[in-house]
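Now for the letters of each chain:
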Amino acid sequence: MQEKYSPTEIEQAAQAAWNAAKTFRSSEGTDTQKPKYYCLSMFPYPSGKLHMGHVRNYTIGDVLSRTHRMRGYNVMQPMGWDAFGLPAENAAIQNKVPPAQWTYDNIAYMKTQLQSLGFALDWDRELATCKPDYYKWNQWLFLRMLEKGIAYKKTQVVNWDPVDQTVLANEQVIDGCGWRTGAVVEKREIPGYYFGITQYAEELLSALDTLPGWPERVKTMQANWIGKSTGVRFAFPYDLSAAGSTNLPSPLAGEGAGGEGASGQLWVFTTRADTLMGVTFCAVAAEHPLATRAAQNNPALAAFIDECKHGSVMEADMATMEKKGLPTGIFVSHPLTGAQVEVWVGNYVLMSYGDGAVMGVPAHDERDFAFAKKYGIPIRQVIGVAGQTFSTDSWAEWYADKQRGTCVNSGKYDGLNHEAAVEAIASDLAALGLGEKKVQFRLRDWGVSRQRYWGCPIPIIHCDRCGSVPVPDDQLPVVLPEDCVPDGSGNPLNKREDFLHCACPQCGKSARRETDTMDTFVDSSWYYARYCAPDNVTAMVDERTNYWMPVDQYIGGIEHAILHLLYSRFWTKVMRDLGLVNYDEPFANLLTQGMVLNHIFSRRTDKGGIEYFAPEEIELVRNEGGHVTGATSLADGQPVDYGGIGTMSKSKRNGVDPQGLIEQYGADTARFFMMFAAPPEQTLEWSDSGVEGAYRFMKRVWAFGVQIGKGGASMAPTALRREIHLLLKQANYDLGKLQFNTVASACMKMLNALEKAPADPHAREGFGILLRILSPIAPHISHTLWRELAYGADILDAAWPEPLAAALEQDEQELVLQINGKHRGSLRVKVDAQHTAIEAAALGTEAAQKFMEGKAAKKIIVVPGRLVNIVV
RNA sequence: GCCUCGGUGGCGAAAUCGGUAUACGCUGUGGACUUAAAAUCCACUUCCCUUUGGGAGUGCGGGUUCAAGUCCCGCCCGAGGCACCA
């Protein structure tokens, strides 16, 4: 055994041994005695290099995999590549390399990085979503969903760059302008395919209760996203044939929502039907038929509608922009009073949400209040709270209070509370045939069409005679050509005659292939199921999937809390309903790791885009307190904008490559430091100060192993033995909480204790416990020392240590002494001492005598095993 | 803007059910070893006060309690998400 700790040597040897023995190959049912444990970390996008977020993610998964293996589970931990996506196209634009080649090169390099970290991965199950044998099944399931009506076609609104004549991703829109051209982005409606996730809204919401292994915050976020609300959908009738505002209400006007005829009904949804008597205007989206109609002979309105169509489609932009509106001159009738209500076009009303129209109640909705103040629309109070005075001068929180408010100025509804008023008004609307109570979801259907090259082709053929025809199953997969090089001016598939040209499956005549590809969230919605049957060429999944699924522990970034996790849950339910799998939910337990953050530096390009700088390309400017305030480019010495801290990502170029760390200190140090730095769920601002400490610890573990020898053990209890077992108890408790930073601490505390008593008869037992607790975090050094010190053949086959009750026993314990809640000393008592004895002992202490100042004790609180508080 | 989470020494953090705030580590300071440096080891390291002792203290302001980092109310700041980044 070498005197000196040499990580490169022992890590390469350990990894070679694992590879040769295929140690981490998993198989189903070979050992039916063992419960299965499917441990899955979210697969990476092959962006080029690993970053610290990956190291954190995959080390967490590895710690859990190795711990469960030692605890006797049949473990599977696979790895693959989320290989389709936008960055490959951006790289192609920059370097003129085909996305396929760039992606495969990145996968090859990142695989060597993952392997050098010593993860217990079953590489036999590796998959990449850009390979036809994987995405064939995206296409196959798409066709099944089309047959069942879960997939369908309708128009979608996209960001359109008028200069590049191309669709932009939200990420490519900066302050409403195209990232490369600087042109003001337009909203454009184009056809696209959707998945009917709203058909599953109710189950996606209620089934959250069947997921006790998910963090509450993730379930709350998903529930809010699905956004179930009970309200009233009702109509304002209108008749435009009688011009002007004097037209009489005609509640019996023609049926149909938002009809385009002269008469019709303007439908809206509200959760505050109790405020219906306070409606003073309606607002519709720029694309609403009534807006279109009004604009026909109103040039100012037409111009405003045009203006509404500029800017991005992002909700965050919509919510923060200035709320603007313009009256249409069209009046609709209040469904209950018949009063005339003017219709406005509002830039904040979305056509894609609900009916594309809302009622305006300025007195009881903060946004409507601001809108009404701005445009001089009447404000009519219809809700009151006892003791509060309403004023149209400024908004007050209670105006929208559902709990305390009751109806006022509302005729027959006066005095009713929120619920009673909603019931009464809903039933009156229903009697008129103008509305009903309705459950509505905020969740929208999932638009999956992307006007991009590097993705899974949508298996549709367009025929002039037959229309959109599904590609027959026996012609799947529709293979994406891998030699295209996008140039930023649209999808290169549109120029590929060999891809475009095909025969119509129905009539056999010449036809054109669909060039849109699928959202990459489709790829990641079922990869976890494919890992279970990666080699099946005749089916998407098979019985092995039902053995392994659901995933016992899923680990990934909190940024995926809503979209990826919700889409995966939806996809699972679709597969279940198609009879492909027998489980309802894909992920039994979920650990959402906090993001690893780093400073972001950027500069505006002359066209209004943003150019990011990597940390190694800049020099930091700090203030006296050491806080980063700015930076300059090393290349040109000119200042760059400091964007604060944010997630490490390829696009912001602020990722830190772990390679240097691994080469300098070894994988064990990198892994240990990553686990030690913070608890997994917490956001972590990257800093490598402290890596030295982790490395020092590894060296000390090695040095202790070198000098401990192979001596035997005695049974006599010692202080060391008690301390080691106490730390072990704590470590096992923390492991159960997935709090690995304190497990790492426990390892350090164990070593501190061992170093103080190297000659203790229990030192060898204690070191054996330390090695096993450490092994999931730093597997190479533990593997090597376990074998060298003859604890056993392979530490992976060793039993996980449990604390011994005999080692923890004690007959005295120390209690904290408080006087009036202040810490004043301590006292030692027998473990089995009665309360009265403890009280007497406490009162007899010197500290009690001193701080009670001769006063009598009013009350004595004894917390067993912890403290005594004397109140005087 | 909306939804979710977080804020504890100079820094990363710990504190299990409301019960000793700052474990473990980093940095720093002093010392040992060395011709010297590195490495290693030892000691100290929340702040304030004149102490051998005492006081304050977990983003800010209130509250509940014998006792609050932990529970309640109101703010401030940071991060994640907001449906075409993944």
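1. Points about the overall build of chain A
Helix and strand content of chain A: 27 helices and 37 strands. Along the first, second and third principal axes, the C-alpha atoms of chain A reach 105 × 85 × 65 Å. Considering chain A as a whole, with its 872 residues, one finds that 52% of them fall into the buried category. Summarising the internal contacts of chain A: among those between residues at least 6 apart in sequence, 72% fall at separations of at least 24. A total of about 37,900 Å² of accessible surface is found on chain A, and carbon and sulfur atoms cover 51% of it. Within chain A, the 100 negative side-chain charges are centred at a point lying 3 Å from the centre of the 85 positive side-chain charges.

2. Description of the layout of surface pockets
Volume-wise, the second largest pocket comes out at about 1,100 Å³. Along the wall of the second largest pocket there are 32 residues; nearest its centre are Phe 269, Tyr 353, Val 358, Asp 365 and Arg 367. Per-class residue counts for the lining of the second largest pocket are 12 nonpolar, 9 polar and 11 charged.

3. Quick look at the sheet that holds strand S2 (residues 74–76)
Hydrogen bonds along the backbone pair up the strands of a sheet, which may run parallel or antiparallel. Read across the open sheet, the 4 strands follow the order S2-S1-S26-S27; overall the sheet is parallel. Looking at strand neighbours, the two that pair on one side only are S2 and strand S27 (590–593), the edges of this open sheet. Averaged over neighbouring strand pairs, the angle between their axes works out to 15 degrees when direction is ignored. Here strand S1 (residues 36–41) pairs with strand S26 (residues 553–557) via 3 bridges, running parallel.

4. Things to note about empty space enclosed by the protein
Scanning the entire structure with this criterion turns up 3 cavities of 30 Å³ or more. What the largest cavity holds in volume is close to 190 Å³. Glu 89, Ile 93, Thr 166, Arg 452 and Gly 488 are the residues nearest the centre of the largest cavity, which is lined by 20 residues in total. No other element matches the 4 residues that helix H3 (residues 86–95) contributes to the lining of the largest cavity. A per-class count over the lining of the largest cavity returns 7 nonpolar, 8 polar and 5 charged.

5. Thoughts on the protein's contact with RNA strand B
Near RNA strand B you find 77 residues, and of these Asp 82, Asn 170, Arg 452, Gln 730 and Asn 869 are the closest. Expressed as a percentage, the sugar and phosphate content of the atoms of RNA strand B within 4 Å of the protein is 63%. Leu 86 places a main-chain nitrogen or oxygen 2.8 Å from a phosphate oxygen of RNA strand B. At a separation of 2.5 Å, a sugar or linking oxygen of RNA strand B approaches a polar backbone atom of Asn 170.

6. A look at helix H22 (residues 740–756)
The terminal C-alpha atoms of H22, which comprises 17 residues, lie 25 Å apart, in line with the 24 Å expected from a rise of 1.5 Å per residue. Among all positions in H22, only Phe 740, Asn 741, Val 743, Ala 744, Ala 746, Cys 747, Met 748, Met 750, Leu 751, Ala 753 and Leu 754 are buried. Looking at the packing, one finds that the buried side of H22 touches helix H2 (52–70), helix H19 (667–677), helix H20 (691–708), helix H21 (719–736) and helix H23 (763–774).

7. Some details on the packing of aromatic side chains
For the coordinates displayed, the defined rule picks out 46 aromatic pairs. Where Phe 84 meets Trp 454, the ring centres are 4.9 Å apart and the plane angle is 80 degrees; that geometry is what we call edge-to-face. On the criterion of sequence distance, the pair formed by Phe 84 in the loop between strand S3 (80–81) and H3 and Trp 454 in the loop between strand S20 (449–450) and strand S21 (460–463) is long-range, its members being 370 residues apart. Overall, the relative accessible area of 1% leaves Phe 84 in the buried class.

8. Focus on the pairing of strand S13 (residues 325–333)
Regular strands show a simple pattern: their side chains alternate between the two faces of the sheet. Here S13 pairs with strand S14 (residues 340–346) via 6 bridges, running antiparallel. Bridged to Gly 325 within S14 is Gly 346. Adjacent in sequence and paired antiparallel, S13 and S14 are bridged by 6 residues, among which Gly 338 carries a positive phi angle near 80 degrees.

9. Some points on the nonpolar core
Within the largest apolar cluster, 168 residues are counted, with the highest numbers of intra-cluster contacts made by Tyr 38, Phe 195, Tyr 527, Phe 570, Trp 571, Phe 767 and Ile 781. Among the elements that make up this core, the one with the highest residue count is H22 (10 residues). Apart from the residues within four sequence positions on either side, Tyr 527 is in contact with Leu 40, Ser 41, Met 42, Phe 43, Leu 127, Tyr 134, Tyr 554 and His 564.

10. Digging into the sheet that holds S14
The strand order across the open sheet formed by 4 strands is S13-S14-S12-S15, and the pairing between neighbours is mixed. Of all strands in the sheet, those bounded by a partner on one side alone are S13 and strand S15 (357–360). Taking each pair of neighbouring strands and ignoring which way they run, the sheet shows an average axis angle of 30 degrees. Summarising the sheet, strand S12 (residues 281–284) and S14 pair through 4 bridges and their orientation is parallel. Residue Val 284 lies in a different strand from S14, and its bridge partner there is Val 345.

11. As for the side chain of Asp 523
Within the secondary structure layout, Asp 523 lies in helix H14 (residues 520–523). Put simply, Asp 523 is tucked away with no salt bridge, and the nearest opposite charge, on Arg 450, sits 9.9 Å away. Setting aside anything within four residues of it in sequence, one finds Asp 523 in contact with Asp 82, Phe 84, Thr 129, Tyr 134, Asn 138 and Cys 456.

12. Comments concerning unusual backbone geometry
Cis geometry marks the peptide bond from Leu 476 to Pro 477, where omega comes out at -5 degrees. When you line up the elements, Pro 477 lands in the loop between strand S22 (467–470) and helix H13 (497–500). Following Met 549, the chain continues into Pro 550 via a peptide bond in cis, with omega recorded as 0 degrees. If you check the backbone angles, Arg 653 has positive phi at about 60 degrees while not being a glycine. Considering the arrangement of structural elements, one finds Arg 653 in the loop between strand S32 (639–647) and helix H18 (659–665). With phi around 60 degrees, Ala 790 is a residue other than glycine that occupies positive phi space. Secondary-structure assignment places Ala 790 in the loop between helix H24 (779–788) and helix H25 (805–808).

13. Let's talk about the pattern of salt bridges
Across all of its chains, the model carries 38 salt bridges by this definition. Notably, a salt bridge pairs Arg 450 with Asp 519, separated by 3.1 Å at the nearest N-O pair. Of the two residues, Arg 450 sits in strand S20 while Asp 519 sits in the loop between strand S25 (517–518) and H14, which places them 69 residues apart along the sequence. Here Arg 450 falls in the partly exposed class, since its relative accessible area comes to 26%. For Asp 519, a relative accessible area of 6% corresponds to the buried category. Through salt bridges that share partners, Glu 203, Arg 569, Lys 573, Arg 576, Asp 577, Asp 584 and Glu 585 make up one connected network.

14. Some points on the packing of H23 against H24
At a closest axis distance of 8 Å, the pairing of H23 and H24 adopts a crossing angle of 145 degrees. The hand of the H23/H24 crossing is left-handed. Between H23, through Phe 767, Gly 768, Leu 771, Arg 772 and Leu 774, and H24, the contact on the second element is made entirely by Ile 781, Ser 782, Leu 785 and Trp 786. For the contact of H23 with H24, the per-class residue count stands at 6 nonpolar, 2 polar and 1 charged.

15. Here's the deal with the side chain of Asp 760
Here Asp 760 is to be found in the loop between H22 and H23. Buried charge Asp 760 goes without a salt bridge, the closest partner of opposite sign being Arg 721 at 7.6 Å. Within the local environment of Asp 760, its side chain forms a polar contact with the backbone nitrogen of His 762, the two atoms lying 2.7 Å apart.

16. A few points about the confidence of the model for chain A
For any part of a model where pLDDT is low, the fine detail of the predicted coordinates should not be relied upon. Per-residue pLDDT for chain A has a mean of 91; in total, 96% of the residues score no lower than 70. Every residue in residues 243–260 scores below 50 in pLDDT, and together they form 34 contacts with partners more than four places removed in sequence or on other chains.

17. Brief notes about the pairing of strand S24 (residues 510–513)
By the bridge criterion, 2 bridges tie S21 to S24 in an arrangement that is antiparallel. For His 462, the partnering residue across the bridge sits in S24 and is Arg 512. In terms of strand pairing, strand S23 (residues 501–503) meets S24 through 3 bridges, oriented antiparallel. Bridge pairing in S24 links Cys 502 to Ala 511. Between S23 and S24, which pair antiparallel and follow one another directly, the connecting turn spans 6 residues, one of which, Gly 508, has a positive phi of 80 degrees.

Rules and cut-offs
Residues numbered from 1 in each chain as written. Chains lettered and ligands numbered in written order. Predicted model: local features only at pLDDT ≥ 70, side-chain atom pairs only at ≥ 80, totals over all residues. Heavy atoms only, no water. Helix = DSSP H or I, 4+ residues; strand = E, 2+ residues; numbered from the N terminus. Buried < 20%, exposed > 50% of the residue type's maximum accessible area, 1.4 Å probe, protein only. Contact = heavy atoms within 4.5 Å. Areas by Shrake-Rupley, 256 points an atom, 1.4 Å probe, with all protein chains shown as cover. Lys, Arg positive; Asp, Glu negative; His and termini not counted. Charge placed at Lys NZ, Arg CZ, Asp CG, Glu CD. 1 Å grid on protein atoms, 1.4 Å probe; cavity = no way out; pocket = protein on both sides within 12 Å on 5 of 7 lines; lining within 4 Å. Points joined across faces, edges and corners; volume = space filled by probe spheres on them. Nonpolar A, V, L, I, M, F, W, Y, C, P; charged D, E, K, R; others polar. Pairing = 2+ DSSP bridges. Axes fitted to C-alpha atoms, helices over the stretch in contact; angles between N-to-C directions. Near = heavy atom within 4 Å. Polar contact = N/O pair within 3.5 Å; in protein donor to acceptor, adjacent residues only side chain to side chain. Expected span 1.5 Å × (residues − 1). Phe/Tyr/Trp six-rings, centres within 6.5 Å; stacked < 30°, edge-to-face > 60°. Core = buried A, V, L, I, M, F, W, Y, C linked by side-chain atoms within 4.5 Å. Salt bridge = Lys/Arg side-chain N within 4 Å of Asp/Glu carboxyl O. Left-handed = near helix turned anticlockwise from the far one by under 90°. pLDDT = per-residue confidence, 0-100.

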